[in-house]
Protein chains: 2
Amino acid sequence: MLKRKGRQTIQLLSAPVIKAHAAVAGKKEGQGPLKNCFDLISEDSYFGEESWEKAESHMLKQCFTLACDKGRLAPSELDYVFAGDLLSQCISSSFAFKDSGLPYFGLYGACSTMAEALSLGAMLVDGGFGENICAITGSHFCSAERQFRFPLEYGALRAPSSQWTVTGAGSAIISSSGSGPQITNVTTGFIVDAGITDANNMGAAMAPAAYETLKAHFNDTGRTPNYYDAIFTGDLGILGRDIVQDLFKKDGVTLGPEYMDCGVLIYDRLAQQVNAGGSGAGCCASVLCGHILDCLEKGIWKKILFAATGALMSPTSSMQGGSIPGICHAVSIEMEGA
Amino acid sequence: MLKRKGRQTIQLLSAPVIKAHAAVAGKKEGQGPLKNCFDLISEDSYFGEESWEKAESHMLKQCFTLACDKGRLAPSELDYVFAGDLLSQCISSSFAFKDSGLPYFGLYGACSTMAEALSLGAMLVDGGFGENICAITGSHFCSAERQFRFPLEYGALRAPSSQWTVTGAGSAIISSSGSGPQITNVTTGFIVDAGITDANNMGAAMAPAAYETLKAHFNDTGRTPNYYDAIFTGDLGILGRDIVQDLFKKDGVTLGPEYMDCGVLIYDRLAQQVNAGGSGAGCCASVLCGHILDCLEKGIWKKILFAATGALMSPTSSMQGGSIPGICHAVSIEMEGA
């Protein structure tokens, strides 16, 4: 029996549960509007390590351990880990799990990785391939800056459309039993190339992909935006968020205040001087696992749509004049009986 | 119903079929022992493009189109693409599929990516999440050299244990119906860090991961090596292959001549001066999709085990003195009624 609904969406009839989740954040994120949502805030950007790449890896390990602790699961009870990050060859994830002994699937979805991991994890649980699967990702401001932009020591000026890579991580344990928010639908995005070449304007590069995936989700499921109590894109920032709203407006669809962007939520944009907002794989991952899932569990929302967005370029492709292809994957997360 | 057999293995009772497959190779690979197996050999290392990264992307597109053609499938009939490569931020895959309109899952498993893609694709088909799913990866000697080692223009000397990154790609379309070789078991590896730090000795770094995954496969399934007509590791080269045989010998298990390594098969090692053999994500992908699957279809073998190996380091982790963690994923591929 094929479980597809429309072209891009899978309906998960078993509704796998997010049994536990954890979020770790850096100092700046720990001073922002969501400061009370994170399980751990590190005052030390090195997380006790000797390089920012190792710090990022350390943060992922902490985040994984916290989720296991909160779910009262021994790490060995996990059947698979789906992990990925922004660093070249995804080293922060690989090194985080190199001594775990856990069956490991490495992903590269840039900042969409959390939704990609949740999608694949939920499908594998629904298909009977595992009972407990971890989805985890993160990013670190300092390791991302030096890889994608400039060494921090240069003190390079930032464009108004620039975003601030979040130092943070999120992990979720998807389970076939237990209680918690349930993953009910998975909408997998295709890559959208809007032709944007400005690496300081990621929101604009990714917004068309977010629009396409959200549109596909609504078409495939027959739902409208107001089915959800809240809809989140990953890290479009204020500019990208506005573009998504404009694109829907052209279709006669209003995305009202229930539509938010994790990159807008995580910082006090003006006071914290992050220009267009937050970005990075850890942006929506930490907001989901620190804030959104908590709000579901507390009954503040009952049904949400989480649509993580990613920019699939590299420093090399940008130096060669390439455009910035975007992608967005969405998962519906709902409380039972909602 | 949980479909697991033991800790790391899934038995796929529906036995998804590899409906079509294609392999593209570069000039050097097209002069090697498998020259008659590839669907397309490019005499031009640029594949008509202006950079090696774009060449790699072009090669992946060709390989994808060939597989669709051979399977008489319109690309739009595919439900998902699982793709990945060795380039930072996996740009050759992202750019290859940026105009495809296909739901896309990006993977990073280094040279193990083909087995990772086959594993996830086969599980999704088995679980009823898709009818036709493409698994594809590749690598390019020139883009890999300048990213991981030295600019080609330096003419750097190569160590005896060095391997030669294959310019090649392989794609397989996994389907819920039709005829062809069937994926019957999937064994997912964990990361193994043997402490090797020499980036010129990848075979030794990855061999322990290959050993662990093969051992888990035999334990989980109750099979012995001689159940298979042939067992392939991905790109261990002669040194890594010997280490795997030695590790099994300590357990009292003989891996005889039925055990081969794709990195050893693809070149005439001495005549083509590739030192320890071939490597790269395209190594085992092109050997599988050009050679191994053909041999299954022609009845030369009936049951094979494909165990792709990957090294999860980056130039940054190596420069920071990090070790080279390895991973290996295995899939059993068998002809119906074998």
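Residues numbered from 1 in each chain as written. Chains lettered and ligands numbered in written order. Predicted model: local features only at pLDDT ≥ 70, side-chain atom pairs only at ≥ 80, totals over all residues. Heavy atoms only, no water.

## Brief notes about the overall build of chain A
- Secondary structure assignment for chain A yields 9 helices and 15 strands.
- Considering only C-alpha atoms, chain A reaches an extent of 55 × 50 × 35 Å along its principal axes.
- Counting only residues that meet the buried cut, chain A has 66% of its 338 residues in that class.
- Here the analysis covers contacts within chain A between residues at least 6 apart in sequence; of these, 78% occur between residues at least 24 apart.
- With an accessible surface of roughly 10,900 Å², chain A has 51% of that area assigned to carbon and sulfur atoms.
- With 25 positive and 34 negative side-chain charges, chain A shows a spacing of 3 Å between the two charge centroids. (Helix = DSSP H or I, 4+ residues; strand = E, 2+ residues; numbered from the N terminus. Buried < 20%, exposed > 50% of the residue type's maximum accessible area, 1.4 Å probe, protein only. Contact = heavy atoms within 4.5 Å. Areas by Shrake-Rupley, 256 points an atom, 1.4 Å probe, with all protein chains shown as cover. Lys, Arg positive; Asp, Glu negative; His and termini not counted. Charge placed at Lys NZ, Arg CZ, Asp CG, Glu CD.)

## Digging into the interface of chain B and chain A
- Facing 66 residues of chain B, the contacting portion of chain A comprises 66 residues.
- Approximately 5,100 Å² of surface area, both sides summed, lies buried where chain B meets chain A, with 60% of it carried by carbon and sulfur atoms.
- Here chain B is connected to chain A by 31 residue pairs in polar contact (both at pLDDT 80 or more).
- Where the side of chain B that touches chain A is concerned, the elements lending two or more residues are α1 (52-70), β5 (80-85), α2 (91-96), β6 (104-106), α3 (113-126), α4 (141-148), α9 (315-319) and β15 (326-334) of chain B.
- The element best represented in the side of chain B that touches chain A is α3 of chain B, accounting for 6 residues.
- Along the lines of polarity and charge, the residues of the side of chain B that touches chain A split into 32 nonpolar, 21 polar and 13 charged. (Buried area = accessible area lost by both parts, 1.4 Å probe. Polar contact = N/O pair within 3.5 Å; in protein donor to acceptor, adjacent residues only side chain to side chain. Nonpolar A, V, L, I, M, F, W, Y, C, P; charged D, E, K, R; others polar.)

## Describing the pattern of salt bridges
- Under the criterion given, the structure shown has 26 salt bridges over all chains.
- A salt bridge links D99 of chain A to K98 of chain A, with the nearest nitrogen and oxygen atoms 3.5 Å apart.
- The class for D99 of chain A is exposed, based on a relative accessible area of 63%.
- Overall, K98 of chain A belongs to the buried group, its relative accessible area being 16%.
- Two residues, R158 of chain B and E145 of chain B, come together in a salt bridge whose shortest N-O distance is 3.5 Å. In this pair, R158 of chain B sits in the loop between α4 and β8 (164-165) while E145 of chain B sits in helix α4, placing the two residues 13 residues apart along the sequence.
- Linked through salt bridges whose partners overlap, the residues forming this network are R4 and R7 of chain A together with D79 of chain B. (Salt bridge = Lys/Arg side-chain N within 4 Å of Asp/Glu carboxyl O.)

## Observations regarding the relation of the copies chain B and chain A
- Once turned by 180° and shifted 0.0 Å along the axis, chain B lies on chain A with an RMSD of 0.0 Å. The symmetry that links the two subunits is that of a two-fold axis.
- Most of the interface of chain B is mirrored in chain A: 100% of its interface residues are interface residues there too. (Least-squares fit on C-alpha atoms with pLDDT ≥ 70 in both.)

## Considering the confidence of the model for chain A
- Across chain A, the average pLDDT comes to 96, with 99% of residues at or above 70.
- Across the interface, the model reports ipTM at 0.98; the global pTM reads 0.98. (pLDDT = per-residue confidence, 0-100.)

## Remarks on the environment of C295 of chain A
Residues and elements named next belong to chain A.
- Mapped onto the elements of the fold, C295 is located in helix α8 (residues 281-297).
- By relative accessible area, C295 is classed as buried at 9%.
- For the pair C295 and C37, spaced 258 residues apart in sequence, the C-alpha separation works out to 9.8 Å.
- Other than its neighbours up to four places away in sequence, C295 contacts I300 and W301.

## Some remarks on unusual backbone geometry
- Of note in the backbone geometry, A15 of chain A takes a positive phi value of approximately 45° without being a glycine.
- Position of A15 of chain A relative to the elements: it lies in the loop between β2 (9-11) and β3 (17-25).
- When its relative accessible area of 10% is taken as the criterion, A15 of chain A is described as buried.
- With a phi close to 50°, Q273 of chain B is a non-glycine residue in the positive phi region.
- Structurally, Q273 of chain B can be placed in the loop between α7 (262-265) and β13 (278-279).

## What to know about the packing of aromatic side chains
- Counted by the stated rule, this structure contains 22 aromatic pairs over all chains.
- When the ring of F82 of chain A is compared with that of F105 of chain A, the centres are 5.1 Å apart and the planes differ by 25°; the resulting orientation is stacked. Highlighted residues: F82 of chain A in strand β5 (residues 80-85) and F105 of chain A in strand β6 (residues 104-106), separated in sequence by 23 residues. Across the pair, exposure class does not vary: F82 of chain A and F105 of chain A are buried alike.
- With 5.0 Å between their ring centres and 80° between their planes, Y227 of chain B and Y228 of chain B make a pair best called edge-to-face.
- Owing to a relative accessible area of 25%, Y227 of chain B belongs among the partly exposed residues under this scheme.
- Lying across the ring of Y227 of chain A, K303 of chain A places its NZ or CZ 4.2 Å from the centre. (Phe/Tyr/Trp six-rings, centres within 6.5 Å; stacked < 30°, edge-to-face > 60°. Lys NZ or Arg CZ within 6 Å of the ring centre and 35° of its normal.)

## Focus on helix α6 (residues 237-250) of chain B
Residues and elements named next belong to chain B.
- Counted at 1.5 Å a residue, the expected span for α6 with its 14 residues is 20 Å, and the 20 Å between its end C-alpha atoms agrees.
- Within α6 the residues assigned to the buried category are G237, G240, V244 and F248. Buried residues of α6, seen end-on, are gathered within an arc of 80° and therefore sit on one face of the element. Away from the buried face of α6 by more than 90 degrees, exposed residues K249 and K250 are located.
- Against the buried residues of α6 lie α5 (202-221), β12 (259-261) and α7.
- G252 sits one or two positions beyond α6 and adopts a positive phi of about 80°. (Expected span 1.5 Å × (residues − 1). Arc of directions from axis to C-beta.)

## Looking at helix α3 (residues 113-126) of chain A
Residues and elements named next belong to chain A.
- Taking 1.5 Å as the rise per residue, α3 with 14 residues should run 20 Å; its terminal C-alpha atoms sit 20 Å apart, in good agreement.
- Across the 14 residues of α3, 14 count as buried, placing the element largely inside the fold.
- Backbone geometry just after α3 places G128 at a positive phi near 85°.

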